[in-house]
Amino acid sequence: MGKALDGVRILDFTHVQSGPTCTQLLAWFGADVIKVERAGAGDITREQLRDVPGADSLYFTMLNHNKRSVTIDTKNPEGKLVLEALIQKCDVLVENFAPGALDRMGFTWERIQELNPRMIVASVKGFGPGPYEDCKVYENVAQCVGGAASTTGFDDGPPVVTGAQIGDSGTGLHLALGIVTALYQRTMTGRGQKVLAAMQDGVLNLCRVKLRDQQRLERTGVMKEYPQYPNGTFGEAVPRAGNASGGGQPGWILKCKGWEHDPNAYIYFITQAPVWVKICNVIGREEWATHPDYATPDARLPRLKDIFAEVERWTMTKTKFEAMEILNEHDIPCGPILSMKEIAEDESLRKTGTVVEVDHPVRGKYLTVGNPIKLSDSPTDVKRSPLLGEHTDEVMAELGYSREQIDALRTAGAI
Ligand code: CAO
């Protein structure tokens, strides 16, 4: 079966996490992704957080599946010529260098357009144009400047960053959408274009509901679904909401049987209005179904803390999986807090290809997250990440270089 992006060639000039997330997705959709790495060193993540001596780290292998690796010194004049040949051959150049690095290398937008007017140049940067555009940015910086940290955590504690890599992988996802959209537009215009996904913008996009709440707060001074209501105080900015649900369906994390010893013996419980009567029946508070203090969503808002305390008395008598089973029988929305260990062992995630075991010639077998986006006509086949420079000769030959030329470039340190 063919793949959605068969025939699309990507010059992958990415490193660390944000850019590689994007190009890995494109590779899974069938693009030929040629990762250009610094000769002798490669993507810095190859050696970061190493768990097997001498083997590419999981950090690298889990972000670079299905790609080919070529090593080119793009600051060497002859190496630059090889990169030019690649630019002429590829459809998209993806990069996430520090601002200005590509220009300093001599590959400005104008120069790339001269070489290939159909080329799409896609970049991840920390910030968009403005006072911070020259700054280098990593994941947690993006979470802080994009509004996530100020709205995450508990009211009486400091801002908190989340384990979900919304700054890096989140922005990589945004960039991938920009790239396929630009490819689609190119089918009509014949022209390439620049695609920019700034990490601050990507995080803010994911924090859209918090900018919604900022405006609600300014208008009404209070947000009744926040845990600060009715006894706490609201300031000028959206406060941290603990584990409160983001929308109009109040939720909270509740203890389950075993919570004293197991840090993940908890369940997320949502008091969804349409199933309120069922919730009352399940927890044994049938009278709340009709009591004026509890029967309507508005009446419940000032009492959420007490309501969740009562529900928790019930969840603490069940394991998180028992609670999940019982609540699901009644269509009550909930979800167990799954540990990474439980996720790694989850059979259903393995069956769908969301968790995949991959073999690697140096490190052996390891687990990875497969393609979370499933296309019925373009199935994903997860292949191991490339060794450093594994495909240099192969790609050089495809570019038309002879054996002698390849050897000479290698001797010159260009590749
Ligand atoms: N041959 C020769 N030189 C190469 C090369 C190659 N194949 N590939 C890269 N280089 C050079 C670049 O040209 C650059 O040189 P100059 O500084 O002289 O212009 C240099 O390597 C380093 O690039 P960098 O500045 O991007 O790398 P860094 O480690 O200092 O910074 C990071 C890393 C991530 C902070 C920065 O790249 C950045 O802000 N990127 C944009 C935002 C982003 O993606 N952040 C998320 C990263 S994932 O957590």
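These numbers come from a predicted model, not from an experiment.

A. Inspection of the state of the cysteines at higher detail. This model, assessed by the stated rule, comprises zero disulfides. Distance from the sulfur of C135, which forms no disulfide, to the nearest cysteine sulfur (C144) is 14 Å. C256 takes part in no disulfide bond, and the closest cysteine sulfur, belonging to C334, lies 9.1 Å away.

B. Summary view of the domain arrangement of the chain. By the assigned domains, the chain splits into domain 1 (9–205 + 345–412) and domain 2 (251–332). Of note, the centres of domain 1 and domain 2, computed from C-alpha atoms alone, are 43 Å apart.

C. Summary view of the site of the ligand. Lining the immediate surroundings of the ligand are 23 residues, of which K75, A98, K136, V137 and D168 lie closest. Within the side chain of D168, an N or O atom sits 2.6 Å from an oxygen atom of the ligand. A total of 950 Å² of accessible area belongs to the ligand in isolation, and the protein chains cover 85% of it. According to the grid-proximity analysis, the pocket containing the ligand is the largest pocket.

D. Fine view of helix α13 (residues 320–329). The set of residues buried in α13 consists of K320, A323 and L327. The buried residues of α13 occupy one face: seen down the axis, they fall within an arc of 60°. Turned more than 90 degrees from where α13 packs its buried face, E325 and E329 sit exposed. A positive phi of about 60° marks D331, the residue just after α13.

E. Inspection of the environment of A176 at higher detail. On the secondary structure map, A176 appears in helix α7 (residues 169–189). You can call A176 buried: its relative accessible area is 9%. With 151 residues separating them in the primary sequence, A176 and L25 have C-alpha atoms 7.4 Å apart. Among all residues touching A176, those that are not within four sequence positions of it are C22, L25 and L26.

Definitions and cut-offs
Residues numbered from 1 in each chain as written. Predicted model: local features only at pLDDT ≥ 70, side-chain atom pairs only at ≥ 80, totals over all residues. Heavy atoms only, no water. Disulfide = S-S within 2.5 Å. Domains from an automatic or database assignment. Near = heavy atom within 4 Å. Polar contact = N/O pair within 3.5 Å; in protein donor to acceptor, adjacent residues only side chain to side chain. Areas by Shrake-Rupley, 256 points an atom, 1.4 Å probe, with all protein chains shown as cover. 1 Å grid on protein atoms, 1.4 Å probe; cavity = no way out; pocket = protein on both sides within 12 Å on 5 of 7 lines; lining within 4 Å. Sits in = over half its atoms within 2 Å of the grid points. Buried < 20%, exposed > 50% of the residue type's maximum accessible area, 1.4 Å probe, protein only. Helix = DSSP H or I, 4+ residues; strand = E, 2+ residues; numbered from the N terminus. Arc of directions from axis to C-beta. Contact = heavy atoms within 4.5 Å.

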